Amino acid sequence: MKIPFSPPYIDDDVISEVVDTLQSGWITTGPKVKALEGEVCELTGISNALCVNSWTSGAILIMKWFGIKEGDEVIIPAYTYSATALAVLHCGGTPVMVDVKDDFTVDPEKIRAAITDKTKVIMPVDIAGLPCDYDPINELIHAEEIRKLFHPTSENQKKLGRILVLSDAAHSIGATYGGKPTGVLTDITIFSFHAVKNITSAEGGAICINLPEPFDNAEEYKTMRLWTLNGQTKDAFTKSQGGGSSWKYDIVFQGLKVNMPDVCAAIALAQIRNYKTELLPERKRVAERYHEFFSKKKWAQLPVIEDAKRKACDHLYALRINGITEGQRDAMMVSIAEDGVSVNVHFIPMPMLTLFKDLGYKIADYPVAYDNFSREISLPIYPQLTDEQIDFICQTIESAYEKILVNEAAV
């Protein structure tokens, strides 16, 4: 049996939506993108959502909009995909990495200890579909001693008057925290619609704008939309809708070119309409079947898929194996692959990657991140998996673990 890790969910609805776009004669940013933004708002309860061509470009846009520059610090977890830090570097800022908790999410106490008078943004990262513990993070930025440290250097920083909380929710669309959906938990939230995500547009993302007063979120949406289009006052769709002076435009600031095309939005549009009723429950079915099997194995450490505050959207099933080394985990993965099951690891902590090692980050400073990584195996989790396939995956993991024990006994 051959089981891929994360194939895209493409059904007749997706195909029809894409074909409709192709036949419409309009494939770049237009009505499909606007419709997708509306669906994101409905799913999350947010009033303003802006689609972009990737999570990374969305994060760069927000940090440029907020005025991040050389000398500014952005606090992020060491345990995340590199894009979280790369977005900061692209804006000239300094990523300040902190350790995580046993559940993979960033440790709020480590965040507190890392705040300086250069801190402009805190970027918590939801891992595997599980939200961070946002209450202590949101309380932290409002604490008087923390607000006194904040020194604004841009108009939007002055307007906010404190550290911005930018949620890296690339994994967590559809998850909840305290009964509230991701998207409304912090000042700004960015989802990813990358090919392997719960909802995909092949490449893409969405920025959820939830800024407090005196910001007008509808106006900020309009401004950020200009950011996606090189600072141009009219998009191509608007310019194409009539004659007269409709072609005239202006460039009002140095923006980016990170808009989402309609042909990509069409894929996500078909998926998001069925997300809460079909796709999300099917992912939950897979996660619960894994839980049922691995909860009986003393050597298995189960991921958190639900607790008193949080309900994950089951983007990944991040299983950890108790009592093994990184090398043994790697050997298990080889065995699993030989049996036809594709698995993965999420993630290699950034301080272990060449770019960040060269910048002076050391994995020894992040012991929990390393421990989580060294024992983690991400299992396939998607709606198309049958119960028979899930059982085969479970048995394959157990077989690989038993091989490790045999090899250890031989030594």
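Residues numbered from 1 in each chain as written. Predicted model: local features only at pLDDT ≥ 70, side-chain atom pairs only at ≥ 80, totals over all residues. Heavy atoms only, no water.

**Some details on the pattern of salt bridges**
The cut-off we apply is this: Salt bridge, as applied in this entry: a Lys or Arg side-chain nitrogen positioned within 4 Å of an Asp or Glu carboxyl oxygen. A run of H or I in DSSP becomes a helix once it reaches four residues, and a run of E becomes a strand once it reaches two; helices and strands are each numbered from the N terminus. Classification of residues uses two cut-offs on accessible area relative to the type maximum, computed with a 1.4 Å probe and protein chains only: under 20% is buried, over 50% is exposed, and between them is partly exposed.
Counted according to the given criterion, the structure contains 26 salt bridges. Of the charged contacts, one joins Lys158 and Glu155 as a salt bridge, the two residues approaching to 3.7 Å between their closest N and O atoms. With Lys158 and Glu155 both in helix α8 (residues 155–160), this residue pair falls three residues apart, about one helical turn. As far as the burial class goes, Lys158 and Glu155 line up, both exposed. Of the charged contacts in the structure, one is a salt bridge between Asp314 and Lys284, with a shortest N-O distance of 3.0 Å. Taken together, the residues Asp314 in the loop between β11 (310–311) and β12 (317–321) and Lys284 in helix α12 (residues 275–294) connect sequence positions 30 residues apart. One exposure class covers both Asp314 and Lys284, and it is buried.

**A few points about the sheet that holds strand β13 (residues 376–379)**
In plain terms, the rule: A pair of strands counts as paired when DSSP detects no fewer than two bridges linking them. Contacts are assigned to residue pairs that have any heavy atoms within 4.5 Å of one another. Simply put, an axis is a line fit to the C-alpha atoms, just over the touching stretch for a helix, and the angle between two N-to-C directions goes from 0 to 180 degrees.
Pairing is antiparallel across the open sheet formed by three strands, whose spatial order is β10-β12-β13. Of all the strands in the sheet, the pair left with one neighbour each is β10 (300–301) and β13. Note that β12 and β13 share four bridges and pair antiparallel. Considered in β13, the bridge of Ala318 is made with Ser378. Those strands touched by α12 are β10, β12 and β13, and its axis lies near 15° from that of β12.

**Some thoughts on the environment of Lys180**
Here Lys180 is to be found in strand β7 (residues 180–181). Separated by 135 residues in sequence, Lys180 and Gly45 have C-alpha atoms that sit 8.8 Å apart. Those residues in contact with Lys180, other than ones at most four positions away along the chain, are Ala175 and Leu185.

**Observations regarding the side chain of Asp99**
Operational definition: His is not counted, nor are the chain ends, whereas Lys and Arg count as positive and Asp and Glu as negative. What qualifies as a polar contact is a pair of N or O atoms within 3.5 Å, subject to a donor-acceptor requirement within protein and to the restriction that residues adjacent in sequence count only when both atoms come from side chains.
Mapped onto the elements, Asp99 comes out in the loop between β3 (94–98) and α5 (108–114). Of the side chains bearing the opposite charge, Lys110 lies closest to the buried Asp99, which forms no salt bridge; the N-O distance is 5.8 Å. Polar contacts involving the side chain of Asp99 include one to the main-chain amide nitrogen of Val368, which spans 3.0 Å. Not counting the four nearest positions on each side in its chain, Asp99 is found in contact with Val106, Asp107, Lys110, Tyr366, Pro367, Val368 and Ala369.

**With respect to the packing of aromatic side chains**
Keep this limit in mind: Note on aromatic pairs: the rings of Phe, Tyr and Trp (six-membered ring only in Trp) are paired at centre separations within 6.5 Å, and the planes decide the class, stacked below 30 degrees, edge-to-face beyond 60, tilted for the rest. Counting as a charge over the ring demands two things of the Lys NZ or Arg CZ atom: a distance within 6 Å of the ring centre and an angle within 35 degrees of the ring normal.
If you walk through the whole model with that rule in mind, you get 13 aromatic pairs. Judged by centre distance (5.4 Å) and plane angle (50°), the ring pair of Tyr79 and Phe104 falls under tilted. Remark: Phe104 occurs in the loop between β3 and α5 and Tyr79 occurs in the loop between β2 (73–77) and α4 (83–90); sequence separation between them is 25 residues. For the pair Tyr79 and Phe104, a shared accessibility class is recorded, and that class is buried. With 6.0 Å between their ring centres and 80° between their planes, Phe294 and Trp299 make a pair best called edge-to-face. For the cation-ring pair, Lys297 lies above Phe293, with the distance from its terminal atom to the ring centre recorded as 4.8 Å. Across from the ring centre of Phe373, 4.7 Å away, lies the NZ or CZ of Arg329, which sits over that ring.

**Remarks on the sheet that holds β3**
Ordered by their spatial adjacency, seven strands build an open sheet running β1-β9-β8-β5-β4-β2-β3, and the pairing between neighbours is mixed. Each having just a single partner strand, β1 (48–52) and β3 make up the two edges of the open sheet. Across the sheet, the mean angle from the axis of one strand to that of its neighbour is 25°, orientation sign disregarded. Bridging between β2 and β3 involves five bridges; their strand directions are parallel. Its bridge partner lying in β3, Glu73 is registered against Thr94. On the sheet, helix α6 (residues 134–142) packs against β4 (119–122) and β5 (164–168) and is oriented at approximately 155° with respect to β5. Strands in contact with helix α9 (residues 217–228) are β1, β8 (188–192) and β9 (205–209); relative to β1, the strand with the most contacts, it is inclined by about 10°.

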